[in-house]
Amino acid sequence: MAEVDFDVVIVGAGPAGSCAAIEAARGGLRTLLLERGPFPGSKNMYGGVIYPRILDDLIPDWWNEVPIQRWVTRRSTMILTETRALSVDFRNDAWSAPPYNGATAYRPELDRWLADHAVAAGATLLCDTTVTGLLRGQSRRSAHAVTGVRTDRPDGDVTALVVIACDGVNSFVAKEAGLYGTPNPKNFTLGVKETISLPKQVIDERFGVRDREGVDIEIIGCTGGINGGGFVYTNLATVAVGVVLKLTKLAAQKTRPEDVIAAMKRHSAIAPLVEGGELHEYSAHLIPEAGLSMMPGMTGDGLLVAGDAAALCLSAGIWLEGVNFAMASGMYAGQTAIEAIADGDVSQRGLGGYARRLSDTFVLRDHRKLRRAPELVLSDRVQHLYPSMVTGIAERMFRVDNPSAKPGLRRIVREERKRAGVHLRGLWRDGHDAFRSFG
Amino acid sequence: MTERDETWPEISFSDRMATVEFKVSDKPHIVVDGKACADCSTRECIMACPADLFVPTSDGGILFNYEQCFECGTCYLVCNREGAISWSYPEGGFGVIFRST
């Protein structure tokens with residue numbers, strides 16, 4: 001193959017890029033990891049929980065060193081209306097010991113730790129460097145293959161056999177390569193978050209946890225007329241509160257994102273958790289929400305796409321995951337680059353092992369299984385009608401209305417369904433869809 | 001439990017943005033063509049930008065300041081005017097720097 005600066009150039013030192021770099025460097029490839037921020041993670045924000053079991057092979061006993069805030073031992077799903085809240089609250093003591101399940105973490109700390117592992121494996125990490133375009137050229141099998149990247153450094157062109165685009169939700173690399181069509185705003189949500197300072201002891205008391213135990217609360221029905229959801233989760237000495245908002249609804253509702261958070265924080269079920277705290281940091285980020293239906297092509301000649309850049313984010317209501325998909329797809333991209341370079345074929349065909357790896361593992365299996373979930377979760381019925389119905393049923397069940405005798409459950413359900421304006425046919429269809437997705 | 005703070009959760013938008021660290025570049029990474037905005041009726045950017053960087057002016061245009069940008073991409077996605085927003089990332093090392101996200 002032609003003389004190149006590096007075997008692999010990876011754009012973006014988030015979880016996808018760093019895991020790709022760890023694999024590639026350990027496989028003996030000369031690996032360059034580019035980051036546009038001053039340090040890995042400086043541009044990254046998320047809705048709160050990492051599930052790192054995918055690191056078991058890459059970083060054995062990762063839990064002894066990963067810079068987390070708290071291990072999630074309480075997982076709540078909360079359905080809100082203006083004056084009501086219905087929670088399903090699950091606690092599992094085993095999740096506070098290895099191998100754990102989920103954890104809250106600050107991305108600037110987590111991403112830097114992963115990038116440190118890439119450097120320890122032999123990769124070159126270059127921060128403060130924005131990729132401004134792709135280099136194209138003649139390769140053995142393609143007239144228009146990706147042959148490197150252009151950066152904003154003086155003499156900043158870098159040639160490589162394989163470029164791995166891990167440049168996030170706005171991926172200019174994937175777009176420039178023609179793997180994305182014109183992005184549709186319907187496929188994205190905006191996440192806005194407040195990190196609120198409170199003493200650790202106060203957080204422990206309010207959330208009923210101790211030591212490094214933590215809580216993750218996912219909320220539906222808290223975003224007014226805008227389709228979306230909310231979250232509250234505990235860090236060590238801060239609480240993160242945020243909402244995820246469907247872009248196309250946000251502007252139409254004439255409501256600003258910070259006002260949606262403010263309204264959620266005023267809810268009687270949320271206010272006692274966060275009141276008195278001081279805003280420590282405000283942040284915002286886009287989420288590729290639509291799952292399988294929005295995914296771009298994942299490979300080109302000399303190019304692989306991983307993480308948010310490939311829309312590998314799972315927004316399925318009770319499951320909200322992204323970092324694990326980023327880490328896994330990055331690993332598989334790194335493994336594929338090693339294999340293709342060893343075989344001397346980095347064309348789209350030569351890189352075909354990537355699609356197979358994604359397809360055979362949870363990365364695309366979960367997305368295929370839950371392909372209907374994102375649309376269902378953000379549908380007007382799930383967002384606006386069902387919260388009213390289920391909290392209404394709960395209210396009627398728990399209300400003691402003497403001297404009236406207790407109504408039967410069937411009557412309550414029928415009456416509350418009608419009151420909430422839920423049509424039987426839609427309910428059946430959604431139930432069927434939910435069963436097929438989640439069942 | 002702490003005493004209830006009656007001022008909660010009032011905070012001015014500038015105080016909110018003051019919690020975020022920015023290393024501002026001399027070169028704007030986003031350029032808004034005010035002429036294209038003048039006859040836009042939806043103006044979704046004004047409501048949707050989480051940093052509130054799009055401000056309507058009295059003469060019907062839109063004033064944009066790139067300095068406190070989260071680099072999220074919301075504005076160019078909601079904008080329905082071809083070419084009104086030229087969007088790129090800031091030069092390396094500049095722009096937003098998250099710490100506890």
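Residues numbered from 1 in each chain as written. Chains lettered and ligands numbered in written order. Predicted model: local features only at pLDDT ≥ 70, side-chain atom pairs only at ≥ 80, totals over all residues.

(A) Representation of the overall build of chain A. Of the regular secondary structure elements, chain A holds 14 helices and 19 strands. Against the 2.2 N^0.38 benchmark of 22 Å for 439 residues, chain A shows a C-alpha radius of gyration of 23 Å, consistent with a compact globule. Over its C-alpha atoms, taken along the principal directions, chain A stretches across nearly 90 × 50 × 40 Å. When each of the 439 residues of chain A is scored for burial, the buried share is 54%. (Helix = DSSP H or I, 4+ residues; strand = E, 2+ residues; numbered from the N terminus. Rg over C-alpha atoms; globule rule 2.2 N^0.38 Å. Buried ≥ 20, exposed ≤ 12 C-beta atoms within 10 Å, placed from the backbone.)

(B) Seen up close, the overall build of chain B. Assigned secondary structure in chain B consists of four helices and six strands. Sequence-ordered secondary structure for chain B, helices as α and strands as β, is α-β-β-α-α-β-β-α-β-β. C-alpha extents for chain B along the principal axes are approximately 55 × 35 × 20 Å. For chain B, buried positions account for 33% of its 101 residues.

(C) The arrangement of the interface of chain A and chain B in detail. Contacts between the two partners involve 47 residues from chain A, matched on the other side by 34 residues from chain B. Looking at the side of chain A that touches chain B, the elements that each hand over two or more residues are helix H2 (107-120), strand S11 (188-197), helix H4 (200-207), helix H5 (247-252), helix H6 (257-266) and strand S15 (278-288) of chain A. It is S15(A) that provides the largest number of residues to the side of chain A that touches chain B, a total of eight residues. In terms of residue class, the side of chain A that touches chain B is made up of 20 nonpolar, 13 polar and 14 charged. (Contact = placed C-beta atoms within 7 Å. Nonpolar A, V, L, I, M, F, W, Y, C, P; charged D, E, K, R; others polar.)

(D) Local environment of the packing of helix H12 (residues 380-398) of chain A against helix H13 (residues 409-419) of chain A. Residues and elements named next belong to chain A. Where H12 meets H13, the axes come as close as 9 Å, and the angle between the chain directions of the two elements is 140°. Here H12 is positioned oblique relative to H13, judged by the angle of their axes. By crossing handedness, the relation of H12 to H13 is classed as right-handed. Residue-level inspection shows Met-389, Gly-392, Ile-393, Arg-396 and Met-397 of H12 in contact with H13, the latter providing Ile-412, Val-413, Glu-416, Arg-417 and Arg-419. Taken together, the residues that form the contact of H12 with H13 break down as five nonpolar, one polar and four charged. (Axes fitted to C-alpha atoms, helices over the stretch in contact; angles between N-to-C directions. Parallel < 35°, antiparallel > 145°, perpendicular 65-115°, else oblique. Left-handed = near helix turned anticlockwise from the far one by under 90°.)

(E) Representation of helix H1 (residues 15-26) of chain A in the model. Residue and element names in this part refer to chain A. For H1, spanning twelve residues, the distance from its first C-alpha to its last is 16 Å, which sits close to the expected 16 Å at 1.5 Å a residue. Counting buried positions along H1 yields eleven of twelve residues, so the element is predominantly enclosed. Among the residues making up H1, those that are buried are Pro-15, Ala-16, Gly-17, Ser-18, Cys-19, Ala-20, Ala-21, Ile-22, Glu-23, Ala-24 and Ala-25. Buried residues in H1 make contact with strand S1 (6-11), strand S2 (31-34), H2, strand S10 (158-165) and helix H8 (323-343). One or two positions beyond H1, positive phi appears at Gly-28, with a value near 90°. (Expected span 1.5 Å × (residues − 1).)

(F) Examining the pairing of S15(A) more closely. Residues and elements named next belong to chain A. Counting buried positions over the eleven residues of S15 gives eight, a clear majority of the element. Relative to S15, S11 runs antiparallel, the two being bridged by ten bridges. Bridge assignment links Val-192 to a residue of S15, and that residue is Ala-284. (Pairing = 2+ DSSP bridges.)

(G) Quick look at the domain arrangement of chain A. Assigned domains of chain A: these are domain 1 (6-68 + 105-181 + 296-369), domain 2 (185-288) and domain 3 (379-438). Spacing between the C-alpha centres of domain 2 of chain A and domain 3 of chain A amounts to 26 Å. (Domains from an automatic or database assignment.)

(H) Seen up close, unusual backbone geometry. All names here are of chain A. Here Pro-98 and Pro-99 are connected by a cis peptide whose omega angle stands at 5°. Mapped onto the secondary structure, Pro-99 falls in the loop between strand S5 (85-91) and strand S6 (102-104). In this model, Asn-402 is joined to Pro-403 through a cis peptide bond whose omega is 10°. Residue position: Pro-403 is located in the loop between H12 and H13. Positive phi is not limited to glycine here, since Asp-128 has a value of about 55°. Tracing the backbone shows Asp-128 in the loop between strand S7 (124-126) and strand S8 (131-137). For Asp-128, a count of 18 C-beta atoms within 10 Å corresponds to the partly exposed category. In the Ramachandran plot, Asp-155 falls in the positive-phi region, its phi being about 50° despite a non-glycine side chain. Summarising the element assignment, Asp-155 is placed in the loop between strand S9 (145-151) and S10. Judged by the 6 C-beta atoms lying within 10 Å of it, Asp-155 falls in the exposed class.

(I) Region of the structure containing the environment of A:Gly41. All names here are of chain A. Within the secondary structure, Gly-41 sits in the loop between S2 and strand S3 (49-50). Between the C-alpha atoms of Gly-41 and Arg-112, which are 71 residues apart in sequence, the distance is 6.2 Å. Leave out the neighbours within four places in its chain, and Gly-41 touches Arg-107, Pro-108, Glu-109, Leu-110, Asp-111 and Arg-112.

(J) Local environment of the confidence of the model for chain B. Across chain B, the average pLDDT comes to 89, with 90% of residues at 70 or higher. On the interface metric, ipTM, the complex scores 0.95, and its pTM is 0.96. (pLDDT = per-residue confidence, 0-100.)

(K) The arrangement of the packing of H8(A) against helix H9 (residues 353-360) of chain A in detail. All names here are of chain A. Close contact between H8 and H9 brings their axes to 9 Å; oriented N to C, the two are set at 145°. The two elements H8 and H9 cross, and the hand of that crossing is right-handed. Of the residues in H9, those touching H8 at Ser-329, Tyr-332, Ala-333, Gln-335, Thr-336 and Glu-339 are Gly-353, Tyr-354, Arg-357 and Leu-358. In terms of residue class, the contact of H8 with H9 is made up of four nonpolar, four polar and two charged.

(L) Focus on the pairing of S2(A). With burial as the criterion, each face of S2(A) is covered, one bearing A:Thr31 and A:Leu33 and the other bearing A:Leu32 and A:Leu34. Note that the unit made of S1(A), H1(A) and S2(A) has a crossover that is right-handed. (Right-handed = clockwise from strand over helix to strand, strands pointing away.)

(M) Spatial organisation of H6(A). Listed in full, the buried residues belonging to H6(A) are A:Pro257, A:Glu258, A:Val260, A:Ile261, A:Met264 and A:Lys265. Here the buried residues of H6(A) occupy an arc of 155° about the axis, which is enough to place them on one side. Away from its buried face, by an angle of more than 90 degrees, H6(A) presents the exposed residues A:Asp259 and A:Arg266. Packed against the buried residues of H6(A) are S11, strand S13 (228-234), strand S14 (238-246), H5 and helix H7 (271-274) of chain A together with helix H1 (13-17) of chain B. (Arc of directions from axis to C-beta.)

(N) Layout of the environment of A:Gly37. Relative to the elements of secondary structure, A:Gly37 occurs in the loop between S2 and S3. In this structure A:Gly37 comes out as buried when scored by C-beta crowding, with 29 C-beta atoms within 10 Å. For A:Gly37 and A:Thr129, which are 92 residues apart along the polypeptide, the C-alpha to C-alpha distance reads 7.2 Å. Every residue in contact with A:Gly37, bar those within four places of it in the chain, is listed here: A:Ser42, A:Lys43, A:Cys127 and B:Ile97.

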